[in-house]
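Descriptive analysis of the structure
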Amino acid sequence: MTDPERNILLGNPAFAVAYINAADDANLFTGSIWGVDEDNIKNNAFKHSIWNCMIIRYIITSTPASKTNAINFAQNGTSAHEKNDDGR
């Protein structure tokens, strides 16, 4: 987890729980479909797509959030996930 990503999650702990649970479930689901991918290339796009969907679904079903709030949090969190600790 990068520092920018951690900062996003700390800003909304309830959404952060859904975000982290979605990441864990996306990893498990992807592994069950793709198996072990040593170079993490073949399954990475699939995993990130499923992860984004799960974040939104988990936030909507576990918190009093609108679809827009869930989508915005997913976009902000996963965009921050792609940044290094310097925010670039």
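This text follows the structure it describes.
Since the structure is predicted, the reported quantities are computational estimates derived from the model, not experimental observations.

**Remarks on helix H4 (residues 67-81)**
Relative to the 21 Å expected for 15 residues at 1.5 Å per residue, H4 spans 21 Å between its end C-alpha atoms, a close match to the ideal helical length. Among the residues of H4, those classed as buried are Ala70, Phe73, Ala74, Gly77, Thr78 and Ala80. Seen from one end, H4 has its buried residues packed into an arc of 155°, which puts them on one side. Buried positions along H4 lie against helix H1 (3-10), helix H2 (13-34) and helix H3 (44-62).

**A look at the packing of H2 against H4**
Running from N to C, H2 and H4 point in directions that differ by 65°, and their axes come no closer than 11 Å. In this structure, H2 crosses over H4, and the sense of that crossing is right-handed. Every residue of H4 that contacts H2 at Phe15, Ala16 and Tyr19 is listed here: Asn69, Phe73, Gly77, Thr78 and His81. Grouping the amino acids of the contact of H2 with H4 by side-chain chemistry returns four nonpolar, four polar and no charged.

**Thoughts on the environment of Lys47**
Its location among the elements puts Lys47 in helix H3. Sequence separation between Lys47 and Asn27 is 20 residues; the distance between their C-alpha atoms is 6.6 Å.

**Observations concerning the pattern of salt bridges**
For the coordinates displayed, the defined rule picks out one salt bridge. Measuring nitrogen to oxygen at the nearest pair gives 2.8 Å for the salt bridge that ties Arg6 to Asp3. Linking Arg6 with Asp3, this pair stays in helix H1, spanning three residues, or about one helical turn. For Asp3, a relative accessible area of 34% translates into the label partly exposed.

Reading guide: rules and limits
Residues numbered from 1 in each chain as written. Predicted model: local features only at pLDDT ≥ 70, side-chain atom pairs only at ≥ 80, totals over all residues. Heavy atoms only, no water. Helix = DSSP H or I, 4+ residues; strand = E, 2+ residues; numbered from the N terminus. Expected span 1.5 Å × (residues − 1). Buried < 20%, exposed > 50% of the residue type's maximum accessible area, 1.4 Å probe, protein only. Arc of directions from axis to C-beta. Contact = heavy atoms within 4.5 Å. Axes fitted to C-alpha atoms, helices over the stretch in contact; angles between N-to-C directions. Left-handed = near helix turned anticlockwise from the far one by under 90°. Nonpolar A, V, L, I, M, F, W, Y, C, P; charged D, E, K, R; others polar. Salt bridge = Lys/Arg side-chain N within 4 Å of Asp/Glu carboxyl O.

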